[in-house]
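Geometric and topological summary
Here is how the chains run, residue by residue.
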Amino acid sequence: MRSDQPANPSRRDFVKSTSTAGIAAGVSTQFPSTALAKSSLPDVREKAFTQQVTLTINSQKHTLEIDTRTTLLDLLREKLTLTGTKKGCDHGQCGACTVLVNGNRINACLSLAVMHDSDEIRTVEGLGTPDNLHALQDGFVEHDSYQCGYCTSGQLCSAIGMLSEARQGMPSHVTPDLIIPVALSRDEIKERMSGNLCRCGAYQNICNAIEDYAERDRETV
Amino acid sequence: MRPFNFITAESPQHALSLAAENKNAKFIAGGTNLLDLMKLEIEAPPLLVDISKTGLDKIEKREDGRIAIGTSVTNSALAADMNIRRDYPVLSRALLAGASGQLRNKATTGGNLLQRTRCPYFYDTAQACNKRLPGSGCSAKGGFSRQLAVIDVSDACIASFPSDMAVALRVLDAEIELCSLTGTRIIPIRDFYHGATTQPHIETVIRRDELITRIILPRPIGGSHFYEKVRDRASYAFALVSAAMVFLPDGSARVALGGVAPKPWRVESAEQLLTTDIDEYVRIAFSGAASTHENQFKIPLAKQILTTLINEHKEAMA
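Residues numbered from 1 in each chain as written. Chains lettered and ligands numbered in written order. Predicted model: local features only at pLDDT ≥ 70, side-chain atom pairs only at ≥ 80, totals over all residues. Heavy atoms only, no water.

As a further point, take the overall build of chain A. Looking only at helices and strands, one finds 7 helices and 5 strands in chain A. Going residue by residue from the N terminus, the α and β elements of chain A occur as α-α-β-β-α-β-β-β-α-α-α-α. Counting across all 221 residues of chain A, residues that qualify as buried make up 43%. Contacts in chain A between residues at least 24 apart in sequence constitute 54% of all its contacts with a sequence separation of at least 6. Per element, the accessible surface of chain A, about 12,100 Å² overall, is 52% carbon and sulfur. (Helix = DSSP H or I, 4+ residues; strand = E, 2+ residues; numbered from the N terminus. Buried < 20%, exposed > 50% of the residue type's maximum accessible area, 1.4 Å probe, protein only. Contact = heavy atoms within 4.5 Å. Areas by Shrake-Rupley, 256 points an atom, 1.4 Å probe, with all protein chains shown as cover.)

Rendered as C-alpha cells:
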C-alpha cells in the first residue's frame, strides 16, 4: 500500500527515521563492550540453514531464499515489508498475526515459512486498499471497532476465515447441536473469534461489525 | 531459535529414515507447540522433518466400522468430520473446547497427543524443572500451581497434561499406531502415557525411532456423550478440570478427566459407581491425591462437574 503513495511518508518511515536518530544520540549510554561480552547472547556464528521457498501472497508470486527459522510472520513483515500483519505475542496467544493460508486462518507466528511452499497467503493488504476498502474494513470504521488498531488486521483476517468456516457448516464450542446447521448468532461469533485478543477492549464493536457484515454477506449469497 | 536443517518427507518411511540418520531430529506437522518451544530454546532440534505431506492427513472409516485418523489431520478437520460428529461427539466437543480457531486449523492429531505441559516453570528457563532439565528440581512445588496436577504427581513433577482431545480419546479407548523402520505396533491410549515417574521428561512409551502414524477409534459405542470443561475464561484457555463422559445404552457410564493429572485420568475400576455413588467414585478416583493449597479446589470441582453431567443426562432421559 505504501507504494501507492510514494510522496506521502508513512508512520513507519517516520518512526524508523526518528528512532535511528535516537540511537545515534544515545551512543554514549551504551554498555561498555566488556559487559556485552559476558552476556549470554546467542552465538551468532552458528551456521544458519537456508532454503528456497515460493509462495503466492495476495495473488503475487514470491520466490525467496530464507533462513529455515523464518516464521511466516517474519517473512511477511521483514522480507516483504507487508507490515499490515502485526506481531503481538509471537507465541500464538493473541491472534494479531492471523493470516489466511489457502483460505484457512492461522497464526503466522507459529508457522515456518518453509512449510508454506506453493501455498496461497492472503494478508490484510490483500483484503482492500485505502481507496477501496473491503466491506468488512468499512464495517470496522463504521462501527468504531478499534482504538489503537494493533489487533485490527488480525481481527479482519480472522473474521473472514471464521465466516468461511461457518459457511462450511463447521460447529463451534457453543453450537447446541453438532449435526443441525446453526445460525451465526452473536454467541457463535464471540466464541469463534476468541483467538483474537483486543487489549483496548473494543470487543463489542468488533462483534457489531462482524455481525453486520455477516448479515449483509448472507443476503448477497 | 537455534539453526536447524529442514527436510520435507515424502512418505512415513522417508521421514523415519531421515530421523534414523539424525538422533536428535524432530518431526513437525502443525508446529503450534514445537515452534513455541523452539523460540524459547526449550527444544533445539538440529533437524526438523516435515511430515505434513506424507499422506497421513485422512480420516478413514474401515470396513470393520473403526475409524483411522491420520496423524497430520488438523484439529478443525477432525472436529468437523461428519462421522466424528455423529458417532463420537465427545471427541468433536473436546476438540472444539480447545485452543482457538486459528490454532485448531494448524494443530494436528499426533502433535496434540505429544504436546507438552503448560506448567509455567517448564516454560521459564530461569526456573528449576525436571521435565525440561532432568535433575534440576521442581519450582512448581510451592509456586503457582493453580493449573497443575492433583493426582498421579511425584516428588519430581506436578505438571498437568493440557490436551482436551486426549481426554476424549481415553474415554473412547482409542489406540495409537506407532511406526518404525522395523515394524508397526498398536498401543492402547491407557498405556501410552507414563504418568508419575522419577523421570518426568519421558512422557510416553513412544521410542526415538517411532512416528505416530494413526489414531484408531473403536466401532461407535453409542450412548450420550458429554465434554465439560471448566477454565478461567469462557473460551481459549486450558482446563482447570474437564470431563469426557459417555452414558452407554446399557445404563453404565465412563469418564476421563483432564487438567488433574500428567495424563488423561480415568479409573475404570470405579466406574460402576458413577451411576450409584458419586462421592465414593470421587474418593476412589482421587485416592492418593496430593494437591497444593492453590489447586485443591480441583477435586470438589471434578465432583461438581460429574454431578452436573449425571443430572443433565437424567433430565434428557426423563
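To continue, consider the confidence of the model for chain B. This prediction gives chain B a mean pLDDT of 97; 100% of its residues lie at or above 70. Both scores are available for the predicted complex, with the pTM at 0.92 and the ipTM at 0.96. (pLDDT = per-residue confidence, 0-100.)

Our next topic: the sheet that holds strand β3 (residues 98-101) of chain A. All names here are of chain A. Judged by pairing direction, the sheet is mixed, and its 5 strands sit side by side in the order β2-β1-β5-β3-β4 without closing on themselves. Pairing within the sheet leaves two strands with one partner each, and these edge strands are β2 (60-67) and β4 (104-107). Each strand axis lies, on average, 40° off the axis of its neighbour in the sheet, ignoring direction. Bridging between strand β1 (residues 50-57) and β2 involves 8 bridges; their strand directions are antiparallel. (Pairing = 2+ DSSP bridges. Axes fitted to C-alpha atoms, helices over the stretch in contact; angles between N-to-C directions.)

This next bit is on the pattern of salt bridges. Residue and element names in this part refer to chain B. Counted by the stated rule, this structure contains 35 salt bridges over all chains. Note that Arg-66 and Glu-175 form a salt bridge whose closest N and O atoms lie 3.4 Å from each other. Remark: Glu-175 occurs in strand β6 (residues 175-180) and Arg-66 occurs in the loop between β4 (59-61) and β5 (67-70); sequence separation between them is 109 residues. Its relative accessible area of 27% is what places Arg-66 among the partly exposed residues. When its relative accessible area of 26% is taken as the criterion, Glu-175 is described as partly exposed. (Salt bridge = Lys/Arg side-chain N within 4 Å of Asp/Glu carboxyl O.)

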